[in-house]
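# Structural features, examined
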Amino acid sequence: MPQTTLNPIRDTAGDAAAGPRVKTKKLKLGIPKGSLQDATIALFERAGWRIYENGRSYFPAIDDVEIECMLIRAQEMARYVEKGVLDAGLTGIDWVVESGLDVESVTSLTYAKQSRSKVRWVLAVPEDSPFQRAEDLEGKTIATELVEVSKRYFAQKGVAVKVEFSWGATEVKPPTLADAVVEVTETGSSLRANRLRIIDTVMESETHLIANRQSMQDTWKREKVDKLALMLNGAIAAQGQVGLMLNVRKQHLDAVLQVMPALNSPTVSSLRDPEWVAVNTILEEGIVRDVLPKMKAAGATGIVEYPLNKVVL
């Protein structure tokens, strides 16, 4: 009886003449949907990845065949990362703490919807109320999305309150629907607009790149996630920074360096003319308008300012 030869499974979309196509490994990555969405996509672009949104799809395209993106609400990100539905994702550490789920925090990424700073969950009361501190709210009702963290905050202070989950528009609830709120803020402007007064900070939060613990045991996935962390942090570090390069005679070098506050020691390189050197450094963009004229006066010439996409320290 003739033997049957079992052929290896092939990718039918491949070229038969070229042989079987190797299946590309994929990292399933969660992108926060909602207030952080635009800032996150912009950050990825500065880091070197373009994410293409389709308004009706929860699966945006990305120009990296090794990454598969999915839009997930930040509040739910930790749940799907812990379950392994996603290998990694970006979300606020506040939602990780609130969930109590076991995920690995790979790196913090300090950026928010409007700024490059941490956000705060604050305890706020009506501006004309008599409440001055958390202890004054004994027996009162607190509205918040951050229920478990708020309960622990009041429990630690020994204050008995009723914490109610708020589905949104939390800042409009006092004094009719709640006595106080625990609400997230970057600048406090929304709270002030709704005549609320901050009396304490419950917690600070920032975006974190989190990962599934089992996924991080896979060498390829860990390396891919670590690469993401490196490039995203580099893009954040470059925000608000510019590069400066210039030429200066050696006799004026010390004078130029004295007016140049640098991220690290400036790079000084020899030029073909032994009397001259080139200087390259990184500065805060906001101080260039003050520093550049001083460098010029100190003897610098050929000064060039250029933008930075990433700064990897």
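Residues numbered from 1 in each chain as written. Predicted model: local features only at pLDDT ≥ 70, side-chain atom pairs only at ≥ 80, totals over all residues. Heavy atoms only, no water.

### A look at the packing of aromatic side chains
Test applied: Note on aromatic contacts: the rings of Phe and Tyr and the six-membered ring of Trp form a pair at centre separations within 6.5 Å, being stacked when their planes are under 30 degrees apart, edge-to-face when over 60 apart, and tilted otherwise. For every residue, the accessible area obtained with a 1.4 Å probe (protein chains only) is divided by the maximum for its type, and the residue is called buried under 20%, exposed over 50%, and partly exposed between those limits. Elements are defined by DSSP. Helices are runs of H or I of four residues or more, strands are runs of E of two residues or more, and each kind is numbered from the N terminus. The criterion for a charge sitting over a ring is simple: Lys NZ or Arg CZ within 6 Å of the ring centre, and within 35 degrees of the ring normal.
The tally for this structure, following the rule as stated, stands at four aromatic pairs. Ring centres of F44 and W49 lie 6.3 Å apart, and the angle between their planes is 65°; this geometry places the pair in the edge-to-face category. Here F44 falls in the buried class, since its relative accessible area comes to 0%. Ring geometry for W95 versus W121: centroids 5.6 Å apart, planes at 90°, classification edge-to-face. Placement of W95 in helix α3 (residues 93-99) and of W121 in strand β7 (residues 119-126) is noted, with a sequence separation of 26 residues between them. For the pair formed by W95 and W121, the shared burial category is buried. Seen from the ring of Y58, K33 lies directly overhead, with NZ or CZ sitting 5.1 Å from the centre.

### Topic: the side chain of D87
Note the following rule: Here a polar contact is taken to be a pair of N or O atoms separated by no more than 3.5 Å, where protein atoms must pair a possible hydrogen donor with a possible acceptor and residues adjacent in sequence count only if both atoms sit in side chains. By definition, residues are in contact when any of their heavy atoms lie within 4.5 Å.
Tracing the sequence through the fold places D87 in the loop between α2 (77-83) and β5 (88-92). Judged by its relative accessible area of 2%, D87 is buried. There is a polar contact of 2.7 Å between the side chain of D87 and the side chain of S215. Here the side chain of D87 touches K221 through a polar contact of 3.0 Å, side chain to side chain. Excluding anything up to four places from it in sequence, D87 contacts K26, L27, K28, V81, I210, A211, N212, S215 and K221.

### A short note on the nonpolar core
Keep this limit in mind: In this description, a nonpolar core means a group of buried Ala, Val, Leu, Ile, Met, Phe, Trp, Tyr and Cys residues linked to one another through side-chain atoms lying within 4.5 Å.
L29, F44, L90, Y111, L209 and L228 are the most contacted members of the largest nonpolar core, which has 29 residues in total. Put simply, the parts of the chain that give this core at least two residues each are β1 (27-33), α1 (37-47), β4 (67-73), β5, β12 (207-211) and α6 (219-238). Examining the composition of this core, we find that seven residues originate from one element, α6, more than from any other. Beyond its immediate sequence surroundings of up to four residues, L29 is in contact with F44, I67, E68, C69, M70, L86, A88, G89, L90, L209 and L228. In terms of nonpolar packing, the next biggest core, distinct from the first, is built from 21 residues, W95, W121, V149 and V159 among them.

### Examining the sheet that holds strand β14 (residues 267-270)
Where we set the bar: Any two strands with at least two DSSP bridges between them are considered paired. Interaxial angles span 0 to 180 degrees and are taken between N-to-C directions of axes, which are lines fitted to C-alpha atoms, for helices over the stretch in contact.
The strand order across the open sheet formed by four strands is β14-β15-β13-β16, and the pairing between neighbours is antiparallel. One side of each edge strand has no neighbouring strand; the edge strands of this open sheet are β14 and β16 (301-307). Pairs of neighbouring strands in the sheet enclose a mean axial angle of 20°, with direction left out of account. Note: β14 against strand β15 (residues 276-284), four bridges, orientation antiparallel. The partner of S270 across the bridge, within β15, is V277.

### Some remarks on the pattern of salt bridges
Under the convention used in this document: Salt bridges are defined as contacts in which a side-chain nitrogen from Lys or Arg sits within 4 Å of a carboxyl oxygen from Asp or Glu.
Applying the stated criterion to the full structure yields 13 salt bridges. Here D102 makes a salt bridge to R213, at a shortest N to O gap of 2.7 Å. Taken as a pair, D102 in the loop between α3 and β6 (104-109) and R213 in the loop between β12 and α6 lie far apart in primary sequence, 111 residues in all. For D102, a relative accessible area of 45% corresponds to the partly exposed category.

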